[in-house]
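The residues making up each chain are set out below.
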Amino acid sequence: MKKIRVSLGERSYSILVGRGAVARLPGVIKEMKFTGPVIFITDRNVLTRTAPLIPPIVRKLSNEVYRVIVPPSELSKSVAIYQDIVQKIAKKTRMHRPLIVALGGGVVGDLAGFVAATYRRGVPFIQVPTTLLAMVDSAIGGKVGVDLPEAKNLIGAFKQPRVVLMDPDFLSTLPARQLRNGLAEIIKYGIASNRTFFDYLDANVKKVLSRDKKVLEKVICECAAIKAGIVKDDEFDQKDIRIVLNFGHTLGHAIEAASKYSDDFNHGESVAIGMVMAGEIALRLEMFKADDLDRIKCLVRNAGLRFVARNVPFKEVVNAFLHDKKFTAGSNRFVLPVRIGSVKVVENIPEFLVKSVIRQYVK
Ligand SMILES: NC(=O)c1ccc[n+]([C@@H]2O[C@H](COP(=O)([O-])OP(=O)(O)OC[C@H]3O[C@@H](n4cnc5c(N)ncnc54)[C@H](O)[C@@H]3O)[C@@H](O)[C@H]2O)c1
Ligand SMILES: [Zn+2]
């Protein structure tokens, strides 16, 4: 079992990565000396697909155990579902302070984490991510929250978990499209902060797609370590350090928003295109080499992702970009690559340049 430490003073915690990690849950709860009720928050897909893994673990717990099941959809990150969950918890636990366990992808993690951050002014929380995206990204770093109709993640908090248990065995039931969704974020880490890791991905991307357990474990550990390193220096996202994780996200979000968060583009698919567009902007600003941009395109393609967005109106993407929250008072901020493995924040990129790049990659 690999252990990665997220060093945040009294909020420090470990990420355990390896087959059988989820079976450590009873031991972890015992070590915490937590004797109150344990609430598993999960979604219906996770419940059915991971059915054989969980009951033996629950049987080993001497705590009262309850589960709350939400629909498997981004729509579950809503104020209505949040309220429904806390009311159910209050009823089930008769006001005893519970421990919340998020068992699922990023939707469940963000929602359950927000419940843990706010219910009775905060209760302990454990993340058990079951998607590749949640393992490499959302389960680390403590950003939790729900969506509003106006925008995603508009209500939220920082709530660090006590421990994160990452078990690659969960990934055997994950649909291939969800695997690629996580792979886009993985490629992001390579470009944004580690060239050696990018080279490793270049050589092993097919093994990730075929779910080679050893390669998956290595990739999850690398990403978790990169994110833990960034989060420890900028826990509350106030120092322009955590922002590097937004590489590919400015125009990626614009594609997601322009396609109305429909099934046409999931987050990773949008970010893949957003990363190539950020590379193109950097190339045109003469701060990035054409060979490096070609390597990114090649890896994106080999990961089964596209770098051209089809069937989404150019105008809608531009509008979404202009309305993005990072676009304030006439200026804009992009995370752009300098070379593979290094990015920097660049402000005030001429609008005609951004539009021209969108025109090139949105057909
Ligand atoms: N907090 C953060 O820092 C952060 C970072 C990135 C993304 N996010 C959030 O994460 C969310 C996306 O997360 P996601 O991509 O994991 O999506 P998700 O949670 O919707 O999961 C994707 C799909 O996979 C299913 N699933 C989950 N585990 C499975 C398994 N083991 N086998 C089979 N199916 C399984 C789910 O039921 C769902 O249908 C978004 O809401 C996004 O805003 C948060
Ligand atoms: Zn992302």
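Since the model is a prediction, treat every value here as computed from it, not as a measurement.

What to know about the sheet that holds strand E5 (residues 99-104)
- Taken in spatial order, the seven strands of this open sheet run E1-E2-E9-E6-E5-E3-E4, and their pairing is mixed. The open sheet has two edge strands with one neighbour each: strand E1 (2-6) and strand E4 (65-70). Looking at each pair of strands side by side, their axes are set apart by 20° on average, direction ignored.
- Pairing analysis gives five bridges linking E1 to strand E2 (residues 13-17), with the strands arranged antiparallel. Bridge pairing links Arg5 to Ser14 in E2.
- Packed on one face of the sheet, helix H5 (residues 106-118) meets strand E3 (38-43), E4, E5 and strand E6 (125-129) and runs near 170° to E5.
- Sitting on the sheet, helix H9 (residues 213-233) touches E1, E2 and strand E9 (163-166), and the angle it makes with E1 is about 15°.

What to know about helix H4 (residues 79-93)
- Given a rise of 1.5 Å per residue, 15 residues ought to cover 21 Å, and the 21 Å separating the end C-alpha atoms of H4 matches this to within 8%.
- Those residues of H4 lying buried are Ile81, Tyr82, Ile85, Val86, Ile89 and Thr93. Viewed end-on, H4 has its buried residues packed into an arc of 135°, placing them on one side of the element. Summarising the geometry of H4, the exposed residues directed more than 90 degrees from the buried face are Ala80 and Lys91.
- Buried residues along H4 sit against E3, E4, E5, H5 and strand E7 (143-148).

Describing the side chain of Thr130
- Locating Thr130 in the fold gives a position in the loop between E6 and helix H6 (132-138).
- With a relative accessible area of 5%, Thr130 lands in the buried category.
- Here Thr130 is in contact with Val46, Leu103, Gly104, Gly105, Met135, Phe170, Leu171 and Leu174, once residues within four sequence places are set aside.

Topic: the packing of aromatic side chains
- Throughout the structure, instances matching the rule amount to three aromatic pairs.
- Seen from their ring centres, Tyr82 and Phe114 are 4.9 Å apart, and the 45° between their planes marks the pair as tilted. On the criterion of sequence distance, the pair formed by Tyr82 in helix H4 and Phe114 in helix H5 is long-range, its members being 32 residues apart. We note that Tyr82, like Phe114, is buried.
- Ring geometry for Phe321 versus Phe334: centroids 5.7 Å apart, planes at 40°, classification tilted. Taken together, the positions of Phe321 in helix H13 (residues 314-323) and Phe334 in strand E10 (residues 333-339) put the pair 13 residues apart, joining distant regions of the chain. Across this residue pair, the class does not change: Phe321 and Phe334 are buried.
- In this arrangement the basic side chain of Lys218 is found over the ring face of Tyr200, its NZ or CZ atom lying 4.8 Å from the centre.
- Here the basic side chain of Arg359 rests over the ring of Phe314, its NZ or CZ set 3.8 Å away from the ring centre.

What counts and how
- Residues numbered from 1 in each chain as written.
- Chains lettered and ligands numbered in written order.
- Predicted model: local features only at pLDDT ≥ 70, side-chain atom pairs only at ≥ 80, totals over all residues.
- Heavy atoms only, no water.
- Pairing = 2+ DSSP bridges.
- Helix = DSSP H or I, 4+ residues; strand = E, 2+ residues; numbered from the N terminus.
- Axes fitted to C-alpha atoms, helices over the stretch in contact; angles between N-to-C directions.
- Contact = heavy atoms within 4.5 Å.
- Expected span 1.5 Å × (residues − 1).
- Buried < 20%, exposed > 50% of the residue type's maximum accessible area, 1.4 Å probe, protein only.
- Arc of directions from axis to C-beta.
- Phe/Tyr/Trp six-rings, centres within 6.5 Å; stacked < 30°, edge-to-face > 60°.
- Lys NZ or Arg CZ within 6 Å of the ring centre and 35° of its normal.

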